[in-house]
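# Residue-level structural notes
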6 protein chains.
Amino acid sequence: MILQHVTWSEIEAYLRRSTGVMIPIGSNEQHGPNGPIGTDAICAEAIARRAAEDADILVGPTLAVTTAQFNLRFPGTVSLRSTTLMAVVTDYVRSLAGQGFRRFYFLNAHGANIAPLNAAFHDLYAEGLGEIRCRLRSWWEYPETNALRQSLYGAWEGMHATPSEIAIAHHAVPSTRRPAPASRPEAIDPVALREMAGDRHFDADHHRARFPDGRISSDQSLIEPGHGERLLDIAAKESRADYQRFLAET
Amino acid sequence: MILQHVTWSEIEAYLRRSTGVMIPIGSNEQHGPNGPIGTDAICAEAIARRAAEDADILVGPTLAVTTAQFNLRFPGTVSLRSTTLMAVVTDYVRSLAGQGFRRFYFLNAHGANIAPLNAAFHDLYAEGLGEIRCRLRSWWEYPETNALRQSLYGAWEGMHATPSEIAIAHHAVPSTRRPAPASRPEAIDPVALREMAGDRHFDADHHRARFPDGRISSDQSLIEPGHGERLLDIAAKESRADYQRFLAET
Amino acid sequence: MILQHVTWSEIEAYLRRSTGVMIPIGSNEQHGPNGPIGTDAICAEAIARRAAEDADILVGPTLAVTTAQFNLRFPGTVSLRSTTLMAVVTDYVRSLAGQGFRRFYFLNAHGANIAPLNAAFHDLYAEGLGEIRCRLRSWWEYPETNALRQSLYGAWEGMHATPSEIAIAHHAVPSTRRPAPASRPEAIDPVALREMAGDRHFDADHHRARFPDGRISSDQSLIEPGHGERLLDIAAKESRADYQRFLAET
Amino acid sequence: MILQHVTWSEIEAYLRRSTGVMIPIGSNEQHGPNGPIGTDAICAEAIARRAAEDADILVGPTLAVTTAQFNLRFPGTVSLRSTTLMAVVTDYVRSLAGQGFRRFYFLNAHGANIAPLNAAFHDLYAEGLGEIRCRLRSWWEYPETNALRQSLYGAWEGMHATPSEIAIAHHAVPSTRRPAPASRPEAIDPVALREMAGDRHFDADHHRARFPDGRISSDQSLIEPGHGERLLDIAAKESRADYQRFLAET
Amino acid sequence: MILQHVTWSEIEAYLRRSTGVMIPIGSNEQHGPNGPIGTDAICAEAIARRAAEDADILVGPTLAVTTAQFNLRFPGTVSLRSTTLMAVVTDYVRSLAGQGFRRFYFLNAHGANIAPLNAAFHDLYAEGLGEIRCRLRSWWEYPETNALRQSLYGAWEGMHATPSEIAIAHHAVPSTRRPAPASRPEAIDPVALREMAGDRHFDADHHRARFPDGRISSDQSLIEPGHGERLLDIAAKESRADYQRFLAET
Amino acid sequence: MILQHVTWSEIEAYLRRSTGVMIPIGSNEQHGPNGPIGTDAICAEAIARRAAEDADILVGPTLAVTTAQFNLRFPGTVSLRSTTLMAVVTDYVRSLAGQGFRRFYFLNAHGANIAPLNAAFHDLYAEGLGEIRCRLRSWWEYPETNALRQSLYGAWEGMHATPSEIAIAHHAVPSTRRPAPASRPEAIDPVALREMAGDRHFDADHHRARFPDGRISSDQSLIEPGHGERLLDIAAKESRADYQRFLAET
């Protein structure tokens, strides 16, 4: 069930069955030569909605614009300060907690969201809203999904504008499809990549100079027809199960 | 052109042709017995995208969750504090202004957005970002669109969960269609309605007690097939023209 | 009764009769060649105090410095950020709400106050202070007052440093009287004026360049002896009645 | 020269002669059985304006509502949070500094303003607005003024709702005059009084319980005709001189 | 070199040799039955100072009070909101960046610091302070240190009040030594522990109920004489090397 | 008892005996040619810990980095904005108040802390945390301590980097000892010094130009062996007594 597509009385009825909600969170930032700027929001929303197709899961409105300051030198990127994103998440959770929601599962598609969301969760818990719980999970963490993207692209999955996320986005929104660039980007060694996990990049001038076309060690030419759908299906299956485990935790 | 569906280099090219952007802004709040919670965001986004179909207009990511505290007692409503929404708008505009954008046209579908956005614009101007300009326009202000909705629904257009906005939302996202309720709500006199313009409502407890099913003087049973499309078309046409005038202002 | 001129026990007694308060709100910004910088605060305060002369109305301390960033290039203008003004209004209302006040009527004399105040009201309502209500009313909205200023000055009432507000200010504080400038300013067409309603101006550099002496389409030479008093009297009469309706609303 | 009573071009001319401004700052809080709630704002404004009568001093708009949380249980008191007052002072100084003002002299009449203003000054200096300087001076600090109030009232000058401030307020705004209460309040020993300097009081419930009629060790029955004028004159003379020294400092 | 123990001219000289600084960051929260509340701050500071003994490393003042809301029901815990900690880190980095520092290495000893610090770094980078870089590294991440603690305590290293951190704290500040509790706490399975990485705990009431003596799956009785020193030495060695790599990165 | 050196159950037991806590607060700023940057934090912490040696006093973690913007042009100084420091103090007090603490005694060693702390106290009291009380006391205010430093150094005690504070710091942390500079700084007249009380300095550029080596009218060559210990002992004795009076106040 997509929250924004139903009526308030349908949510009132849902609350009698469940106090959980799945919230897709992406970003609005450059995704290399052929990835749409909204790749992360498209992926998070597509996975969440697919997950909800076969289960009584409520999917809230997608947080599509988040923290991505390091990409601001690439036109089209829109970035919230971390403190702004934290205020948004706080108000979002407060609103629903006031109506009886208790479990907030953020299905994440953007590394730089991890820090501000976890920071915001602590401030939310300290507000005394009752026994609420928040969890952020990035879709690439799911074990089978992770195994699939590694098997398809290996080291060329890279770090940003990855073939897996672009495959999903191109599949979910066909109008975003663009041909892969002719050449590979510079390969970054795994230690350096690990240092960037969670998008721990530096300032925007440095970032554009370091990664001139926006990709980080990712090869989009490896995407083949059907990849996007397979990745989406498996991520949706795992997110559904993970969400249900979250709700069942005591 | 939908910003989040294209690549950063397409935006870079666009910036050489135009420094304007149209930003849909809605809300996520109850819309009565048969209107989807996302009605306002759906309307704003649908109108903006239709407007951009026949012109070189860039449509940015929709602000779908905004200020709607008065509806928080209706489950499913998510509301940002005014100050949070202002921070979001500030960061959004700052991000694009840093890339060369200069004209920000917010296509609005929710009365309670008007105050925080105009308040935020002043703080933005005072930051010295250069000669930027922001404008907020609500789709029901366009003269022909306004005339059409008055001609279709008269006094029963009402104030909230209006037949015109629900007709557009049902047309734009068919899965949101729900049958109209069997009965009309209480009719509110025009003076009292005018007092509520811009959603100048009071607190959420008062609001739910005052409007028990969420509608304000609006009769959804008047919607007929084709209304949504006609309203969408005319609002899109007028928003396109109004946006172009905005860009042409000296 | 002027709040700051009486003792706390007089307010304690008043609270047993009424939970309403009228709060004048102006601005501190240039008002053209012959209007005092404090025109708006002078007008709001004078109207409110006159309104309270013949009725049991409590007038709170005037908010004399508010949001006017567009006039900052004119020396003497002092502007609060919108967020600062919102914090002031929030604290003001919270203070009195904690003592039992429930109805807050802001008698306004400055267009740019409308957005931040309405934005602040929503955040106040969401705080759970009880069933409080806030209303902002600009004195030029009252129908008879509006009719009078139109009859006196027609199109040359203009938009800023209007003859009506300067007539009131000169009447209320005689030491502020300065002769009208010899020439009229540029006439602005009504559509463009309407676009500026609520002081939706741009940045301060643009504003001073666009309106070099500070006036917007207003002719101060039309002011004749007695105008100020007539305008003040009628605005006071209508504000008193409107305030009493506000308190009587259920 | 009273800033809000003159035109912007008069300020423009003044700036060619001086970059200083004197800003009265008071409070809006209970002042005992016969003192007006606005006592502090009335005193600060009256002293500043008298000081400016015989010298080329610009007096800015009075900050009449400030921090007074400890008096909130006395109806009529309006208190800003310290952080709100600091934002107000910051915006006030920033506005004028952007126009060329460099010396900001706050003529203070309320102990609890001292901490937030000095705190705000540091944040202002750190903003890099140029070589600005701020000073806060409380009128009772001036040596001759202090000697006079001690000679008139001795220990019964007390700490709050002092005869000297009420004498000035009653003189400056005759309509605020109320008879002195029949009895003296509890006498507080000087050590305890010193501990409260700068209004270092505790919470509002404690404060009302501790000082039931609002006075702190002050006897208003000692006020005699002419006291208010004498105190006002001498404070004005000393503030004028102190302000001129401030401007002359290198 | 310990920043707070030297003079400003020594820092001025240091800046001609290096623009890096190592900043210990801990927490002030319960650490089980025999761990001092300041365990994390003690560990971070001890490791950093040891690292600096044999190299030209500047160690800044320790951030000893940070975010630990989940432990607030255990007396003695002091927690900053995430937003407060972010403001502290921002001001700290800004201060030194204004003097020429460019590389900020936070030596961390508390999981819940990771999110707010990484969130703050992004907002700092977006401020345009120049090409600064921040890194947070937790001492238990260093490979040899991690191997040692695993070899000493295995699964009973646990998650909070770990024997390794208590061993270091007891070694570094002998007065904090307390005997190990007689019994082991509940053993938590590794999957559940992983879910808590980065201290992703819930609210304080839940936390105290879940972990009644404060430990999370850790057995302090395994600590033997000499462990603290060995762990401290190896962590210091690795932090020194990691810091130097950070400074050498291009 | 040093809070961060004991376990949470020791604090739980302490709370059954006392609800008071002594919190040392210093600064991290230049202290002239031979004073350590951490002088104030070292002094405050040393005095508080010595005071607690002979009494059942709990000493909380030291606030070692505070507001010192005027010294930012001297490398090594780290300054929090006043608003940041206020947030830190607020969270610190809130944390402990939630556990039952009621009396917060800040033992201060830095003039510029006085304003933000007193400002923060008012906002804390207004939060309704219960009947808490905060007090800030600077060690040089204690009468015997003050007499001793005057007797030792007379006018050359000066205003910043005073011989008394450097004597204490050198005594408390011997590794910070540096020889006194060969020459005296400029002597500042007492009236000018008084104007700077509470560190009411201006911006950092002005401050470094005005006081090129950081000292303000203080002569470190007057320090003799034993001074530091004597000053520390007497300040500790007086702070202990003053703290106990604070706890005994009704």
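Everything numeric here is computed off the predicted structure, so don't read it as measured data.

Okay, helix α2 (residues 39-53) of chain B next. All names here are of chain B. Spanning 15 residues, α2 covers 21 Å between terminal C-alpha atoms, matching the ideal 21 Å at 1.5 Å per step. Buried residues dominate α2, accounting for 11 of its 15 residues. When we look at burial in α2, the residues that qualify are Thr39, Asp40, Ala41, Ile42, Cys43, Ala44, Ala46, Ile47, Ala48, Ala51 and Ala52. Those residues of α2 hidden inside the fold are in contact with β1 (20-25), β2 (103-108), α6 (163-172) and α9 (227-248).

To continue, consider the sheet that holds strand β1 (residues 20-25) of chain C. All names here are of chain C. Taking strand neighbours across the sheet as the criterion, the three strands line up as β1-β2-β3 in an open arrangement whose pairing is parallel. A strand with exactly one partner marks an edge of an open sheet, and here the two such strands are β1 and β3 (133-138). On average, each strand axis in the sheet is inclined to that of its neighbour by 20°, with strand direction left out of account. With six bridges connecting them, strand β2 (residues 103-108) and β3 associate as parallel partners. Of the residues in β3, the one forming a bridge with Leu107 is Arg137. Packed on one face of the sheet, helix α2 (residues 39-53) meets β1 and β2 and runs near 150° to β1. Along the sheet face, helix α3 (residues 82-97) touches β1, β2 and β3 and points at about 145° away from the line of β2.

Before going further, it helps to spend a moment on the sheet that holds strand β3 (residues 133-138) of chain A. Residues and elements named next belong to chain A. Spatially, the three strands line up as an open sheet ordered β1-β2-β3, and their pairing is parallel. Sheet topology places β1 (20-25) and β3 at the edges, where each strand pairs with a single neighbour. Strand-to-strand twist of the sheet, defined as the mean angle between neighbouring strand axes without regard to direction, takes the value 20°. Helix α2 (residues 39-53) rests against β1 and β2 (103-108) of the sheet, and its axis sits at about 150° to β1. Packed on one face of the sheet, helix α9 (residues 227-248) meets β1, β2 and β3 and runs near 155° to β2.

So, on to the confidence of the model for chain A. On average, residues of chain A score 97 in pLDDT, and 100% of them reach the 70 mark or higher. Reported for the predicted complex are a pTM of 0.98 and an ipTM of 0.98.

Take the packing of helix α5 (residues 143-153) of chain A against α9(A) next. Residue and element names in this part refer to chain A. At a closest axis distance of 8 Å, the pairing of α5 and α9 adopts a crossing angle of 160°. Judged by the inter-axis angle, α5 sits roughly antiparallel to α9. Of the two elements, α5 crosses α9, and the hand of that crossing is left-handed. Residues Pro143, Glu144, Thr145, Leu148, Arg149, Leu152 and Tyr153 of α5 form the contact with α9, whose participating residues are His227, Arg230, Leu231, Ile234, Ala235, Lys237 and Glu238. For the contact of α5 with α9, the residue count by class is seven nonpolar, two polar and five charged.

The next subject is the relation of the copies chain E and chain F. Superposing chain E onto chain F requires a rotation of 180° together with a translation of 0.0 Å along the rotation axis, leaving an RMSD of 0.0 Å. This pairing of chains is accounted for by a two-fold axis. If distances are taken from each C-alpha of chain E to the rotation axis, the shortest is found for E:Thr84, at 3.4 Å. Of all interface residues in chain E, 100% are interface residues in chain F too; the two copies therefore contact each other through one and the same surface.

Glancing now at the interface of chain B and chain A. Listed per partner, the contact involves 50 residues of chain B and 50 residues of chain A. Buried surface at the junction of chain B and chain A, summed over both partners, amounts to about 3,800 Å²; 58% is from carbon and sulfur atoms. When residues of chain B are sorted by the area they lose upon contact with chain A, B:His5, B:Trp8 and B:Pro75 head the list and together hold 19% of the total. The interface formed by chain B and chain A contains six salt bridges. In terms of residues, the side of chain B that touches chain A owes the most to one element, helix α3 (residues 82-97) of chain B, which gives nine residues. Residues of the side of chain B that touches chain A, tallied by class, amount to 22 nonpolar, 19 polar and nine charged.

Here the focus is the interface of chain E and chain F. Between chain E and chain F, the residue contacts involve 50 residues of the former and 50 residues of the latter. Three residues, E:His5, E:Trp8 and E:Pro75, lead the burial of chain E against chain F; their summed loss comes to 19% of the area buried on that side. Joining chain E to chain F, the criterion identifies six salt bridges. The residue F:Arg81 makes a salt bridge to E:Asp91 at a minimum N-O spacing of 2.8 Å.

Let us look at the relation of the copies chain B and chain A. One copy of the chain maps onto the second through a rotation around an axis plus a translation along that axis. By a simple turn and slide, chain B fits onto chain A: the slide is 0.0 Å along the axis, the RMSD is 0.0 Å, and the turn is 180°. When the interface residues of chain B are mapped onto chain A, 100% of them again lie at the interface, so the same face is used by both copies.

Turning our eyes to something else, we now look at helix α6 (residues 163-172) of chain E. Three or four residues apart is the spacing at which side chains of an α-helix point the same way, because the helix has 3.6 residues per turn. Residues and elements named next belong to chain E. Taking burial as the measure, the 10 residues of α6 include eight buried ones, the bulk of the element. Among all positions in α6, only Pro163, Ser164, Glu165, Ile166, Ala167, Ile168, Ala169 and His170 are buried. Against α2 (39-53), α5 (143-153) and α9 (227-248) lie the buried residues of α6.

On to the pattern of salt bridges, then. Where charged atoms from two side chains of opposite charge approach closely, those side chains can pair. Across all of its chains, the model carries 132 salt bridges over all chains by this definition. For A:Arg135, the salt bridge goes to A:Glu249, with nearest N and O atoms at 2.7 Å. One end of the pair, A:Arg135, is in strand β3; the other, A:Glu249, is in the segment after α9, and 114 residues separate them in sequence. Residue E:Arg210 pairs with E:Glu186 through a salt bridge whose shortest N-O separation is 3.1 Å. You can see E:Arg210 sitting in helix α8 (residues 204-210) and its partner E:Glu186 sitting in the loop between α6 and α7 (190-195), a full 24 residues away along the chain. Each member of the salt-bridge network shares a partner with another, and the members are A:Arg135, A:Arg137, A:Asp242, A:Arg245, A:Glu249 and E:Glu195.

Attention now moves to the side chain of E:Ser217. All names here are of chain E. Relative to the helices and strands, Ser217 is located in the loop between α8 and α9. Among the polar contacts listed, one links the side chain of Ser217 to the backbone nitrogen of Ile188, at a separation of 2.8 Å. Not counting the four nearest positions on each side in its chain, Ser217 is found in contact with Ala155, Trp156, Glu157, Gly158, Pro185, Glu186, Ala187, Ile188 and Leu193.

All right, on to the environment of E:Thr83 then. Residues and elements named next belong to chain E. On the secondary structure map, Thr83 appears in helix α3 (residues 82-97). A relative accessible area of 34% means that Thr83 is categorised as partly exposed. It is 21 Å that separates the C-alpha atoms of Thr83 and Met196, two residues lying 113 residues apart in sequence.

Summed over the entire model, instances satisfying the criterion amount to 42 aromatic pairs over all chains. Ring centres of A:Tyr105 and A:Phe246 lie 5.9 Å apart, and the angle between their planes is 50°; on these two criteria the pair is classed as tilted. Highlighted residues: A:Tyr105 in strand β2 and A:Phe246 in helix α9, separated in sequence by 141 residues. Side by side, A:Tyr105 and A:Phe246 carry an identical accessibility label, which is buried. Look at F:Tyr14 and F:Phe101: their rings are 6.4 Å apart centre to centre, the planes differ by 25°, and that puts the pair in the stacked class. Within this pair, whereas F:Tyr14 is found in helix α1 (residues 8-17), its partner F:Phe101 is found in the loop between α3 (82-97) and β2 (103-108), the two being separated by 87 residues in sequence.

A few words on unusual backbone geometry. Positive phi, normally seen in glycine, also occurs at D:Ser217, with a value near 60°. For D:Ser217, a relative accessible area of 4% corresponds to the buried category.

Moving on, we come to the pairing of β2(C). Every other side chain in a regular strand lies on the same face of the sheet, so the side chains alternate between the two faces. Residues and elements named next belong to chain C. For β2, the buried fraction is high: six of the six residues fall into the buried class. Neither face of β2 is left uncovered, since the one carrying Arg103, Tyr105 and Leu107 and the one carrying Phe104, Phe106 and Asn108 both have all their residues buried. With six bridges connecting them, β1 and β2 associate as parallel partners. From the neighbouring strand, Pro24 faces β2, where its bridge partner is Leu107. At this point the chain moves from β2, through helix α4 (residues 114-125), to the parallel β3, and the crossover so formed is right-handed.

Right, let's get into the pairing of strand β3 (residues 133-138) of chain F. In terms of burial, β3(F) is a largely internal element, six of the six residues being buried. Taking every second residue as pointing to the same face, both faces of β3(F) are buried, with F:Arg133, F:Arg135 and F:Arg137 on one and F:Cys134, F:Leu136 and F:Ser138 on the other.

Thresholds, definitions, all that
- Residues numbered from 1 in each chain as written.
- Chains lettered and ligands numbered in written order.
- Predicted model: local features only at pLDDT ≥ 70, side-chain atom pairs only at ≥ 80, totals over all residues.
- Heavy atoms only, no water.
- Helix = DSSP H or I, 4+ residues; strand = E, 2+ residues; numbered from the N terminus.
- Expected span 1.5 Å × (residues − 1).
- Buried < 20%, exposed > 50% of the residue type's maximum accessible area, 1.4 Å probe, protein only.
- Contact = heavy atoms within 4.5 Å.
- Pairing = 2+ DSSP bridges.
- Axes fitted to C-alpha atoms, helices over the stretch in contact; angles between N-to-C directions.
- pLDDT = per-residue confidence, 0-100.
- Parallel < 35°, antiparallel > 145°, perpendicular 65-115°, else oblique.
- Left-handed = near helix turned anticlockwise from the far one by under 90°.
- Nonpolar A, V, L, I, M, F, W, Y, C, P; charged D, E, K, R; others polar.
- Least-squares fit on C-alpha atoms with pLDDT ≥ 70 in both.
- Buried area = accessible area lost by both parts, 1.4 Å probe.
- Salt bridge = Lys/Arg side-chain N within 4 Å of Asp/Glu carboxyl O.
- Polar contact = N/O pair within 3.5 Å; in protein donor to acceptor, adjacent residues only side chain to side chain.
- Phe/Tyr/Trp six-rings, centres within 6.5 Å; stacked < 30°, edge-to-face > 60°.
- Right-handed = clockwise from strand over helix to strand, strands pointing away.

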